[in-house]
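Architecture and fold: a report
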Amino acid sequence: MPIDLICLDADDTLWHNMLHFNAAEHALLAMLRPFAEAHVARDALNACEARNLKLYGYGAKGFTLSMIETAVELAGEAVSRDLVAAILKAGQELLAHPVILFEGVEETLEALADRGKLVLVTKGDLLHQEAKLAASGLGRHFSGVEIVSDKKADTFRRLFATYGVAPDRTVMAGDSMRSDVLPALEAGAWAAYIPQEGAWVHEQASAPETHPRFRQLDALADLPGWIGEIS
């Protein structure tokens, strides 16, 4: 069966993302060392992020607010102006980090473009995602860019309708089992999981190992070959 539409995640699929978030997290843990051990502060931050996702959504701005809230929770009245300023600086650096592409991404996108229409499907803050795409220089490879607040099965169903493509002639590829793989499969598409080190805890889920439209790949460079097998 031919594949007409190839959907790709952006963060930690085309370029590094979590390494910058992890650096900001480590900076926060160092700031909070007088008030809590690292594992306690990390657990508090993870819990705070989970609570705040429905309020702030995904992205560096919401993460920065969660870092501040975690500091208030752990330090209490000892939270100083300097501490808040340092957390805000870490958040600003997260928003301004350089876009570092994974090796071979450009060549892989060129190979994929020979096999189907490419659409970028990413979630997070609109301004930040647009800025990262512009800085990446990869925009010319894509026929469409979809920046969404979250990725659900209905998100992919709307995408199929927008591009006039049947679900079973669509592939979604990304590093998140929860956001890239499972909802795409539920919507009827094929899905490739490309895991990366340091994955965000909120994006982890069990793999559908026996699903006929699922494949785990070692790298994005393996995606054209798998699409060739499907076709």
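What comes next is a walk through the structure. Keep in mind the model is a prediction, meaning the values are calculated, not measured.

This next bit is on the overall build of the chain. Helix and strand content of the chain: 9 helices and 6 strands. Taking 231 residues into account, the globule formula puts the C-alpha radius of gyration at 17 Å, and the chain, at 19 Å, falls close to it. If one aligns the C-alpha atoms of the chain with their principal axes, the spans along those axes are about 60 × 35 × 30 Å. Burial statistics for the chain: of 231 residues in total, 48% are counted as buried. Of the roughly 11,000 Å² that the chain leaves accessible, carbon and sulfur atoms contribute 52%. The average position of the 20 basic charges and that of the 33 acidic charges among the side chains of the chain differ by 5 Å.

Our focus in this paragraph is helix 5 (residues 105-113). When we look at burial in helix 5, the residues that qualify are Val 105, Thr 108, Leu 109 and Leu 112. For helix 5, the buried positions fall inside an angular range of 100° around the axis, keeping them on one side. Residues of helix 5 that are buried make contact with strand 1 (5-8), strand 2 (117-123) and helix 9 (223-230).

A few words on the packing of aromatic side chains. Per the counting criterion, the structure on display carries 2 aromatic pairs. Aromatic side chains Phe 21 and Phe 63 sit 5.2 Å apart centroid to centroid with 65° between the ring planes, which places their arrangement in the edge-to-face category. Of this pair, Phe 21 sits in helix 1 (residues 18-31) while Phe 63 sits in helix 3 (residues 60-75), and the two are 42 residues apart along the sequence. On the numbers, 6.0 Å between centres and 75° between planes, the contact of Trp 190 with Trp 226 is edge-to-face. One end of the pair, Trp 190, is in strand 5 (residues 190-193); the other, Trp 226, is in helix 9, with 36 residues separating them in the sequence. Neither Trp 190 nor Trp 226 differs from the other in exposure class; each is buried. Geometry around Tyr 58 places Lys 123 over its ring, the cationic atom sitting 3.7 Å from the centre.

The rules behind the values
- Residues numbered from 1 in each chain as written.
- Predicted model: local features only at pLDDT ≥ 70, side-chain atom pairs only at ≥ 80, totals over all residues.
- Heavy atoms only, no water.
- Helix = DSSP H or I, 4+ residues; strand = E, 2+ residues; numbered from the N terminus.
- Rg over C-alpha atoms; globule rule 2.2 N^0.38 Å.
- Buried < 20%, exposed > 50% of the residue type's maximum accessible area, 1.4 Å probe, protein only.
- Areas by Shrake-Rupley, 256 points an atom, 1.4 Å probe, with all protein chains shown as cover.
- Lys, Arg positive; Asp, Glu negative; His and termini not counted.
- Charge placed at Lys NZ, Arg CZ, Asp CG, Glu CD.
- Arc of directions from axis to C-beta.
- Contact = heavy atoms within 4.5 Å.
- Phe/Tyr/Trp six-rings, centres within 6.5 Å; stacked < 30°, edge-to-face > 60°.
- Lys NZ or Arg CZ within 6 Å of the ring centre and 35° of its normal.

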